[in-house]
Amino acid sequence: MKRNGVKAAMFPSAIESLVRQVITGRHLANINPLVNLGNLVAIRHLTPVGLFSASVEIHLRHTRSGERFTEIGRSESVGLNEGEICYATPSAVITRHFVWRQGEEAKVTPGTRDFFFVSEVLPELEPVTASRVLDDFVQDVGRYFNIRMRAGMLTSQPSEWSFAG
């Protein structure tokens with residue numbers, strides 16, 4: 001199936017990789033506690049999630065001609081096709097095809113103080129799933145990290161948030 005001109009067989013949803021690891025008995029990567037929690041929420045709700053350092057502006061947009069991308073854990077960048085849906089900072093593309101692959105820039109590390117959590121709830125799931133994912137993540141972050149979060153939900157309507165203050 002193609003969505004947004006993307007072949008699912010070539011760019012499977014990020015959740016597919018996590019679920020494959022679980023059902024085949026492979027251990028999930030131990031990245032850091034916050035990312036691990038995001039992966040747990042993803043598996044719990046069968047929906048892709050991403051966490052990014054929010055120390056700079058993050059935009060949802062299409063890739064542009066000539067842009068490059070460095071996947072987490074890799075040192076070499078790859079050229080991107082124009083028109084891929086991505087999250088980007090002013091200086092770099094930080095995801096490919098929503099959160100199919102995440103990049104080195106803006107990755108969450110143990111030193112990250114401000115972060116952006118995104119879950120892309122697929123249309124095949126119940127509409128209430130988005131609220132459940134958000135509620136679970138906010139509650140779990142509070143419970144395990146003693147962090148109070150500001151949270152909101154993007155819809156098909158244009159939205160903008162300021163993370164300042």
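Bear in mind the structure is a predicted one, so any value in this text is a computation, not a measurement.

Okay, the packing of helix H2 (residues 33-45) against helix H3 (residues 129-145) next. In contact at an axis separation of 10 Å, H2 and H3 are set at 145° when each is read in the N-to-C sense. With respect to the hand of their crossing, H2 and H3 are arranged in right-handed fashion. Where H2 abuts H3, its residues Pro33, Leu34, Leu37, Gly38, Val41, Arg44 and His45 lie against Thr129, Arg132, Val133, Asp136, Phe137, Asp140, Val141, Tyr144 and Phe145. Broken down by class, the residue content of the contact of H2 with H3 amounts to 9 nonpolar, 3 polar and 4 charged.

The next thing to look at is the pattern of salt bridges. Tallied over the entire structure, the rule returns 8 salt bridges. We note a salt bridge from Arg20 to Glu16, for which the minimum N-O separation is 3.4 Å. Of this pair, Arg20 and Glu16 are both found in helix H1 (residues 14-23), 4 residues apart, which corresponds to roughly one turn of the helix. One salt bridge connects Arg96 with Glu84, and the closest N-O pair in it is separated by 2.8 Å. Placement of Arg96 in strand S8 (residues 95-96) and of Glu84 in the loop between strand S6 (78-79) and strand S7 (85-88) is noted, with a sequence separation of 12 residues between them. With relative accessibility at 5%, the residue Glu84 sits in the buried group.

About the thresholds
- Residues numbered from 1 in each chain as written.
- Predicted model: local features only at pLDDT ≥ 70, side-chain atom pairs only at ≥ 80, totals over all residues.
- Heavy atoms only, no water.
- Axes fitted to C-alpha atoms, helices over the stretch in contact; angles between N-to-C directions.
- Helix = DSSP H or I, 4+ residues; strand = E, 2+ residues; numbered from the N terminus.
- Left-handed = near helix turned anticlockwise from the far one by under 90°.
- Contact = heavy atoms within 4.5 Å.
- Nonpolar A, V, L, I, M, F, W, Y, C, P; charged D, E, K, R; others polar.
- Salt bridge = Lys/Arg side-chain N within 4 Å of Asp/Glu carboxyl O.
- Buried < 20%, exposed > 50% of the residue type's maximum accessible area, 1.4 Å probe, protein only.

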